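# Structural overview
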Amino acid sequence: MAAHEDQNASDLELVRRIKRSDEQGFREMVDRYHARVYSLAYGVLRNSEDAEEATQDAFLTLYRKIGTFDESKKFFSWFYRVALNAAYSRARRRKPITTISLEDYVPRYRDDGHASPEFAAFVDGAEDEAIARDLAEHAAEFMDELPPPYRDAIWMVDVEEMKPADVADVLEISLAALKSRLHRARLFVRQRLLEVAAAPPAGGGERRVAP
Amino acid sequence: MTHDAISCKRLILEYLVDYEDGAMPEEVRRDLEWHLEHCPPCLVFLKEYRATGRTLRMLKPKDVPKNLAEAVWGFVIARCRKEE
């Protein structure tokens, strides 16, 4: 049996115990999933206090609604959807979700199919740890600008390092649709990082990323 | 697929995500790699795309708040016992 199926079988055992109101079974489920749910919620809320509360909300929904879970499906996909809903519900209370047009961040091409020569070497910067950390802080802000369906895709695949097929299952979309969202989101973040790398540093002085 | 047959635009917009995911037929992958070898701008793009991924991986929260599991369990059980 593949590790994945093994995990699902073991999840289902806990699910059945929770359906019988077994509090210890629920405790084991919390131990198994709380870190992943917290991390997922953090991706949406980017604030540890809100992410903690969304984690509590997600497990409260799990405990109350476990009867509605269809055991022929993968548990983690169902529960990740519950967790995402909990996080977005908190996000809506906190601030309106703003989105941008991703079309503006697709690379431009000349008629011969080659890209315009706009490529800045932020790659060199991303290999230096201090600069990489600085870029990561910017990347976190850029994630907030993404429409939620794109942010969910890129957060789960690139930050959480989940398999694209699993993420497609969580989001209930085809693998092709997931990859399309993922690619658009990556192109957006890449372009925004290039803008940061190309911008003159605040207060003047040397450019921090090699040309 | 050669450099003539594949434009940079197609490589980047249609193939790159599958290439990075390792979900590409061997023959197409070989052609893409040939293209990358002969097209410096596409190679730079690939490096930027990968650097974007490396940057994003740094966003994963390093620490889960202490006692979170205990707090979650206590919160849920207390709420549900009260409702019974």
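Within each chain, residues carry numbers counting from 1 in the order of the written sequence. By the order in which they are written, chains take letters starting at A while ligands take numbers starting at 1. Since the coordinates come from a predicted model, pLDDT governs what is reported: local features require at least 70, and pairs of side-chain atoms require 80 or more to be given and counted, while whole-chain, interface and lining totals use all residues. As a rule here, side-chain values cover all heavy atoms of the structure and leave hydrogens and water aside.

## Section: the overall build of chain B
Within chain B one finds 4 helices and 0 strands. In this description a helix means any DSSP run of H or I spanning at least four residues, a strand means any run of E spanning at least two, and both kinds are numbered starting from the N terminus. Reading the secondary structure of chain B in the N-to-C direction produces α-α-α-α. Throughout, the radius of gyration refers to the C-alpha atoms, and the reference size of a globule is 2.2 Å times the residue count to the power 0.38. Over its C-alpha atoms chain B spans a radius of gyration of 23 Å, topping by over 25% the 12 Å that the globule rule assigns to 84 residues. The principal-axis extent of the C-alpha atoms belonging to chain B is close to 70 × 25 × 20 Å. Each residue is assigned to one of three classes by its accessible area relative to the maximum for its type, calculated with a 1.4 Å probe on protein chains only: buried under 20%, partly exposed between the two thresholds, exposed over 50%. Counting every position in chain B, which comprises 84 residues, the buried fraction comes to 40%. Any two residues whose heavy atoms approach within 4.5 Å are treated as being in contact. Taking as baseline every contact in chain B between residues at least 6 positions apart, the subset at least 24 positions apart corresponds to 64%. Only the protein chains shown count as cover for residues, with accessible areas throughout obtained via the Shrake-Rupley method and a probe of 1.4 Å. On chain B, roughly 4800 Å² of surface is accessible, and the fraction owed to carbon and sulfur atoms is 51%. Two residue types count as positive, namely Lys and Arg, and two as negative, namely Asp and Glu; His and chain ends fall outside the count. Every charge is mapped to an atom, namely NZ of Lys, CZ of Arg, CG of Asp or CD of Glu. Once the 14 positive and 15 negative side-chain charges of chain B are each reduced to a mean point, those two points are 9 Å apart.

## Describing the confidence of the model for chain A
pLDDT is a per-residue confidence score from the predictor, ranging from 0 to 100. On average, residues of chain A carry a pLDDT of 84, and 81% of them reach 70 or more. Within the model, pLDDT remains below 50 along residues 116-120 of chain A, and this stretch shows 13 contacts once partners closer than five positions in the same chain are excluded.

## What about the nonpolar core?
Residues and elements named next belong to chain A. Counting 89 residues, the largest nonpolar core has Phe-26, Phe-59, Phe-75 and Phe-79 as the members making the most contacts within it. A per-element tally of this core places helix 4 (residues 75-94) first, with 12 residues. Each domain's extent was defined by an automatic or database domain assignment. There are two domains that each give this core at least three residues, and those are domain 1 (3-91) and domain 2 (102-204). Put simply, buried Ala, Val, Leu, Ile, Met, Phe, Trp, Tyr and Cys residues joined by side-chain atoms within 4.5 Å make one nonpolar core.

## Thoughts on the interface of chain A and chain B
Contacts between the two partners involve 52 residues from chain A, matched on the other side by 45 residues from chain B. Interface area, chain A with chain B, both sides summed: about 4400 Å², of which 72% is carbon and sulfur. Note on definitions: salt bridges are taken to be side-chain nitrogens of Lys or Arg within 4 Å of carboxyl oxygens of Asp or Glu. Our count for the contact surface shared by chain A and chain B stands at 6 salt bridges. Between Glu48(B) and Arg190(A) there is a salt bridge, with the nearest N and O atoms lying 3.0 Å from each other. Polar contacts here mean pairs of N or O atoms no more than 3.5 Å apart (in protein, one a potential hydrogen donor and the other a potential acceptor; neighbouring residues in sequence count only if both atoms are side-chain atoms). Counting across the interface, chain A meets chain B through 9 residue pairs in polar contact (both at pLDDT 80 or more). Per element, the largest residue contribution to the side of chain A that touches chain B is 10 residues, and it comes from helix 2 (residues 23-45) of chain A. Accessible area that two parts lose when put together, evaluated with a 1.4 Å probe and summed over both, is termed the buried area.

## Here's the deal with the packing of helix 3 (residues 48-65) of chain A against helix 4 (residues 68-83) of chain B
Closest axis-to-axis distance for the helix 3 of chain A/helix 4 of chain B pair is 9 Å, and the angle between their directions is 45°. Between helix 3 of chain A and helix 4 of chain B, the angle is such that the two are oblique. Judged by the sense of rotation from one axis to the other, the crossing of helix 3 of chain A with helix 4 of chain B is right-handed. Across the interface between the two elements, Glu52(A), Thr55(A), Gln56(A), Phe59(A), Leu60(A), Tyr63(A) and Arg64(A) of helix 3 of chain A pack against Leu68(B), Ala71(B), Val72(B), Phe75(B), Val76(B), Ile77(B), Arg79(B), Cys80(B) and Glu83(B) of helix 4 of chain B. Gly is placed with the polar residues, together with every amino acid not listed as nonpolar (Ala, Val, Leu, Ile, Met, Phe, Trp, Tyr, Cys and Pro) or charged (Asp, Glu, Lys and Arg). Taken together, the residues of the contact of helix 3 of chain A with helix 4 of chain B sort by class into 10 nonpolar, 2 polar and 4 charged. Axis lines are fitted through C-alpha atoms, for helices just across the contact stretch, and the angle between N-to-C directions can take any value from 0 to 180 degrees. These descriptions rest on fixed angle ranges, namely under 35 degrees for roughly parallel, over 145 for roughly antiparallel, 65 to 115 for roughly perpendicular, and the rest for oblique. Whether a crossing is left-handed or right-handed is set by the direction in which the near helix is turned from the far one by less than a right angle, anticlockwise for left-handed and clockwise for right-handed.

## Digging into the domain arrangement of chain A
All names here are of chain A. Its domain assignment divides chain A into domain 1 (3-91) and domain 2 (102-204). Both sides together, the interface formed by domain 1 and domain 2 hides about 1300 Å², and carbon and sulfur atoms give 53% of it. Three residues stand out in domain 1 for area buried against domain 2, namely Arg-46, Arg-81 and Tyr-88, and they jointly supply 37% of the buried area on that side. Between the two partners, domain 1 and domain 2, sit 3 salt bridges. Among the salt bridges present, the one from Glu-172 reaches Arg-81, with a minimum N-O distance of 3.6 Å. At the boundary of domain 1 with domain 2, the tally comes to 8 residue pairs in polar contact (both at pLDDT 80 or more). Only helix 2 and helix 4 provide two or more residues apiece to the side of domain 1 that touches domain 2.

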